[in-house]
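# Notes for the structure review
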Amino acid sequence: MDSSTNSLDDVSADSSAEFPDRASMMEVRLQAQEDEITLLKSSLADALRRIRLHDQLLPLLKQQLIAVNPGAARVLNQVCCSDGCTSSRKLSSSSASDGVRHPATRVRRNSEKLGNPERQRKRLDKKAASSANLLTRSPSLENRAKELIASAGSPGSRRGTYSQGQSIKMFIRGRPITMYIPSNIQNYEDLKMEPPSERLELDWVYGYRGRDCRANLYFLPTGEAVYFIACVVVLYHINNRTQRHYRKHTDCVRCLTIHPDKVRVASGQTAGVDKDKPLQPCVHIWDSTTLVTLQQIGLGTFQRGVGSVAFSFADSGAFLCVIDDSNEHMLSVWDCNKGTKHAEVKSTNEAVFAVEFNPSDSTNIITCGKSHVYFWTLSAGQFMKKQGIFGKYKKPKFIQCFVFSLTGDVLTGDSEGNILTWGKSAADIKTLGKGAKETFQIMRQTRAHEGSVFTLCTLQGGALLSGGGKDRKIIRWSADLAPERECEIPEKFGAVRTITDVDGEELLVGTTRNAILRGTFSDGFVAIVQGHLDEMWGLATHPSVNIFLTCGHDRQVCLWNTEEHKLDWGITLEEYGLCADFCPVGSVVSVGLSTGRWMVFDLLTREVVSEFTDGNEQLSVMRYSPDGSFLAVGSHDNFIYIYNVTESGRRYARFGKCNGHSSFITHLDWSKDGKYIMSNSGDYEILYWDIAAGCKLLRNRYESKDREWASYTCVLGFHVMGVWLEGSDGTDINALCRSHNEKMVAVADDFCKVHLFQYPCPKPKAPSHRYEGHGSHVTNVCFTHSDSHLLSMGGKDTCILQWKVMGGGAGGSRERLASASSTSTSSPEPATS
């Protein structure tokens, strides 16, 4: 096992942060400053680009206007300036990057040519202002010229019918972004925005949180395994292979325990933030049969999160013990039926890993953690603490877990690989003098594992199971701690995190690499639940089969089956993957990596059929053209690389490079005819490219307003403008995806939510259905090929949620736009679910 596994003890021990991470706060501030610098650079580049553009277009536009409409010559003479100042007056376009060839250019006026020299000098000084002032003034000057030319009369001229009402601006971080309204919308103001008729229903949860949580896997008499990931507690029937979900938590679930009646469940969550609203940690007690919440414990009492929970046994589960994640790790006892606090005490400033009631006495509680094991006695609402004494035995760095034996002794597993048996010793009056009290000391030390003992599990009859870290072994011990049987789980699944008994012979094992295994000592173990280990970004669905591919910072590339809800295969790369896309023929998939390298895999053999490198920065998007003849690769070096694709996606040749963005590429889409690309960048640009003409940048964005797109994943565009909330900073939406039937668009936001909007949604504050479940920023969303399901990926929560699309009516996006533009009604408030 490598050194990374050998450090699992420290990772686990530090899972409860004791102090604010100041370095993290400084990184956030530094990132914000870098974003501001990026915006300033892009604004300057915009200004220079516009000035050059208008210099080039001015003579040409003048000639074209006179040729098409001789009446415009008279108007041009009215709005011209003197010869000496023509070259020094440059207009910017109405958007950050539109470059529309409007005939509304500032030209010479005869009145200025014959005017007062002093007055002319002042006007020149005024025009020589900063680029910021120039950008601010340009729209008004442009509109004035447009009105004059339009008034000259130009029947049949498309430029002449352009008016202020044919574009709309949205602002992100103070930057204006102009959206051009498609021709089939006659009255933008009368558009009616409604939530989609479709809704989402959680169908399946992929993943398990074993990397940094313990004691989080239980087995119910109903045949269901209970575990959690992100904000969802999963009840997975291991024979029927079905899932149910408890979804009342508002942030990541951190701990779990089962009531003695084997029906009620208690689960605790961490603190969080939903936009600017804090989410307080609490414990939910709920019925595993009906999924109904019975009690909400400690809302507003716990700090940072809930680390451990345990029900009492001797009184049939009347009380619940909770350890929170505050600096003092407060230990509190609660009445389960009333939801009231019975007692509370500060436990320790060190990390606490586990808490349990004594099964035979609910006034006795034990906690363990970093370098300690404490024995607590509760009397009349007050706690009395006694520390376990290690005496002649080496004090381990961590006490990872403990259980009670049938004789009432406490057995602990520690980071030294030992199982320690604790017992109560009589008061040592000779050494400590009169008034000495009984102590808890180590009665026996049993060498169990190489590396940490991460979990202990008692079986009926007094036998014991232990799970190791470094050695990945599961050992069965007799009641007197004699080893009986052992087995080793495969290295690819990591160390043993927790063990639960199914029927005395069969076991469920949770691992540190986020897998749940099922098996026996005789037959070995197979994975029934698997997941990613680190932040995920790459997501792609197959064009014709119910499978999808994911990749992330754990360097894993995984192919999943949406019908069988399982991992088909997974491979490990040298670098981490950030984006992916299936070739339309469906036999290969391309994956973009963090170093500028990208690879094409055969889905059947998993072999690499092609490999290229573009630049030395991370790739952010891979996108095949609709017919599969081109592949576009978007990079953080500001370029889009275009490749010719032949031999059913197995052969690639560089076709060209799109050069024009002033920041890194974030999203791109192909037109339905496969000739054009729409792209977004990190500084909120929208650019259009003519690929067939040699990857040429289309300066006239106005001409792309009616173009139809094969996919819609760009987060900036007229058809998805309504998904942005007021005051958004440009990073609030990580990804979006339009359904293949063009009726809805799913949005992944930075606040752990998935939204479902009507498509198109071109008006601000468009209503949507909102869905919770992720415990981290949602990095990507994607519809399956038939639009029957939506897949969403969390970032740090390593969770993949599969949503079933329910309902839906007839009518495509074009029909809805046309009908909506002829009806005047106010937009309803966003609907939530």
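The rules we used
- Residues numbered from 1 in each chain as written.
- Predicted model: local features only at pLDDT ≥ 70, side-chain atom pairs only at ≥ 80, totals over all residues.
- Heavy atoms only, no water.
- Helix = DSSP H or I, 4+ residues; strand = E, 2+ residues; numbered from the N terminus.
- Buried < 20%, exposed > 50% of the residue type's maximum accessible area, 1.4 Å probe, protein only.
- Contact = heavy atoms within 4.5 Å.
- Areas by Shrake-Rupley, 256 points an atom, 1.4 Å probe, with all protein chains shown as cover.
- Pairing = 2+ DSSP bridges.
- Axes fitted to C-alpha atoms, helices over the stretch in contact; angles between N-to-C directions.
- Lys, Arg positive; Asp, Glu negative; His and termini not counted.
- Salt bridge = Lys/Arg side-chain N within 4 Å of Asp/Glu carboxyl O.
- Polar contact = N/O pair within 3.5 Å; in protein donor to acceptor, adjacent residues only side chain to side chain.
- Core = buried A, V, L, I, M, F, W, Y, C linked by side-chain atoms within 4.5 Å.
- pLDDT = per-residue confidence, 0-100.
- Phe/Tyr/Trp six-rings, centres within 6.5 Å; stacked < 30°, edge-to-face > 60°.
- Lys NZ or Arg CZ within 6 Å of the ring centre and 35° of its normal.
- Disulfide = S-S within 2.5 Å.

### Remarks on the overall build of the protein chain
- Within the protein chain, the regular secondary structure consists of eleven helices and 56 strands.
- Each of the 833 residues in the protein chain was classed as buried or not, and the buried ones make up 56%.
- Considering only contacts in the protein chain between residues 6 or more positions apart, those separated by 24 or more positions represent 52%.
- Carbon and sulfur atoms form 49% of the exposed surface of the protein chain, whose accessible area is close to 35200 Å².

### Considering the sheet that holds strand β8 (residues 253–258)
- Strand order in the open sheet formed by four strands is β8-β9-β12-β13, and the pairing between neighbours is antiparallel. With one partner strand each, in any of the chains shown, β8 and β13 (293–297) form the two edges of the open sheet. Going across the sheet, the axis of each strand differs from the next one's by a mean of 20 degrees, ignoring polarity.
- Bridging between strand β12 (residues 283–287) and β13 involves four bridges; their strand directions are antiparallel. By the bridge assignment for β13, Ile 285 is matched with Gln 295.

### So, the pairing of strand β35 (residues 547–552)
- Counting buried residues along β35, six of its six residues qualify, which places the element largely inside the surrounding structure.
- Judged by which residues are buried, β35 turns out to be covered on both faces: Ile 547, Leu 549 and Cys 551 on one side and Phe 548, Thr 550 and Gly 552 on the other are all buried.
- Summarising the sheet, strand β34 (residues 536–541) and β35 pair through five bridges and their orientation is antiparallel. The residue bridging Leu 539 from the neighbouring strand is Thr 550, located in β35.
- From the end of β34 to the start of β35, which pair antiparallel, there are five residues.
- With five bridges joining them, β35 and strand β36 (residues 556–561) adopt antiparallel strand pairing. Directly across from Phe 548, in β36, lies its bridge partner Trp 560.
- Between β35 and β36, which pair antiparallel and follow one another directly, the connecting turn spans three residues, one of which, Arg 555, has a positive phi of 65 degrees.

### Description of the sheet that holds strand β37 (residues 566–572)
- Judged by pairing direction, the sheet is antiparallel, and its four strands sit side by side in the order β34-β35-β36-β37 without closing on themselves. Pairing within the sheet leaves two strands with one partner each, and these edge strands are β34 and β37. Taken over all neighbouring pairs, the strand axes of this sheet differ in orientation by 20 degrees on average, direction set aside.

### Quick look at the side chain of Asp 414
- Within the secondary structure, Asp 414 is located in strand β23 (residues 410–414).
- Within the buried core, Asp 414 has no salt-bridge partner, and the shortest N-O distance to an opposite charge, that of Arg 447, equals 6.2 Å.
- Polar contacts involving the side chain of Asp 414 include one to the main-chain amide nitrogen of Asn 418, which spans 3.1 Å.

### Overview of unusual backbone geometry
- For the peptide bond that leads from Tyr 759 to Pro 760, omega is -5 degrees, which places it in the cis range.
- Looking at the element boundaries, Pro 760 is found in the loop between β52 (754–758) and β53 (768–771).
- Of note, Arg 304 is a non-glycine position whose phi angle comes to about 70 degrees, a positive value.
- As for its placement among the helices and strands, Arg 304 is situated in the loop between β13 and β14 (306–311).

### Brief notes about the nonpolar core
- Within the largest apolar cluster, 45 residues are counted, with the highest numbers of intra-cluster contacts made by Leu 200, Val 205, Tyr 227, Phe 783, Leu 790 and Trp 803.
- Per element, the largest residue contribution to this core is five residues, and it comes from strand β3 (residues 199–206).
- With residues up to four places along the chain from it excluded, the contact list for Trp 803 reads Leu 200, Glu 201, Leu 202, Asp 203, Arg 247, Val 754, Tyr 771, Glu 772, Ser 788, His 789, Leu 790 and Ser 792.

### Focus on the confidence of the model for the protein chain
- Counting all residues, the mean pLDDT for the protein chain is 83, and 79% of those residues have values of 70 or more.
- The weakest mean pLDDT in the protein chain belongs to helix α9 (residues 158–161) at 28; the strongest belongs to strand β6 (residues 232–237) at 98.
- For residues 79–117, every residue scores under 50 in pLDDT, and the model assigns this stretch 115 contacts once sequence neighbours within four places are set aside.
- Here residues 119–165 scores under 50 on pLDDT; set against residues more than four positions off or in separate chains, the count is 64 contacts.

### Describing the packing of aromatic side chains
- A full pass over the atoms with the stated rule returns 27 aromatic pairs.
- An angle of 75 degrees between the planes, with centres 5.9 Å apart, marks the rings of Tyr 208 and Tyr 227 as edge-to-face. Remark: Tyr 227 occurs in strand β5 (residues 224–229) and Tyr 208 occurs in the loop between β3 and β4 (218–219); sequence separation between them is 19 residues. For the pair Tyr 208 and Tyr 227, one class covers both residues: buried.
- Seen in terms of ring centroids, Tyr 771 and Trp 803 are 5.6 Å apart; in terms of plane orientation they differ by 50 degrees. Their pairing is tilted. Taken together, the positions of Tyr 771 in strand β53 and Trp 803 in strand β56 (residues 800–806) put the pair 32 residues apart, joining distant regions of the chain.
- Its guanidinium or amino end placed over the ring of Tyr 702, Lys 705 lies 5.1 Å from that ring's centre, counting from NZ or CZ.
- When the ring centre of Tyr 676 is taken as origin, the NZ or CZ atom of Arg 707, which lies over that ring, is 3.7 Å away.

### Observations concerning the state of the cysteines
- The final tally for this structure, using the stated rule, is zero disulfides.
- We note that Cys 231 lacks a disulfide partner, and the nearest cysteine sulfur, in Cys 252, lies 5.0 Å from it.

### Concerning the side chain of Ser 625
- Within the secondary structure, Ser 625 sits in the loop between β42 (619–624) and β43 (630–635).
- From its side chain, Ser 625 meets the backbone nitrogen of Ser 629 in a polar contact 3.3 Å long.
- With residues near it in sequence (within four places) discarded, Ser 625 still touches Pro 584, Phe 630 and Trp 670.

### Brief notes about the pattern of salt bridges
- This model, assessed by the stated rule, comprises 30 salt bridges.
- For Lys 672, the salt bridge is made with Glu 708, and the minimal N-O distance between the two is 3.6 Å. Linking Lys 672 in the loop between β46 (665–670) and β47 (676–681) with Glu 708 in the loop between β49 (696–697) and β50 (733–738), this pair joins segments that are 36 residues apart in sequence.
- Residue Glu 742 pairs with Arg 738 through a salt bridge whose shortest N-O separation is 3.7 Å. The same class applies to Glu 742 as to Arg 738, namely buried.
- Linked by salt bridges that have partners in common, Glu 574, Glu 575, Arg 597 and Glu 611 make up one network.

### Here's the deal with the environment of Asn 184
- With respect to the element layout, Asn 184 can be found in the loop between β2 (175–180) and β3.
- Overall, the relative accessible area of 27% leaves Asn 184 in the partly exposed class.
- For the pair Asn 184 and Asp 706, spaced 522 residues apart in sequence, the C-alpha to C-alpha distance is 8.4 Å.

### A word on the environment of Leu 40
- Relative to the assigned elements, Leu 40 resides in helix α3 (residues 22–68).
- A C-alpha to C-alpha distance of 9.4 Å links Leu 40 and Asp 683, two positions 643 residues apart in sequence.

### Section: the environment of Leu 459
- Relative to the elements of secondary structure, Leu 459 occurs in the loop between β26 (453–458) and β27 (464–468).
- Remark: the alpha-carbon pair of Leu 459 and Asp 503, spanning 44 residues in sequence, is separated by 9.4 Å.
- Setting aside its immediate chain neighbours within four residues, Leu 459 contacts Leu 465, Arg 476 and Asp 501.

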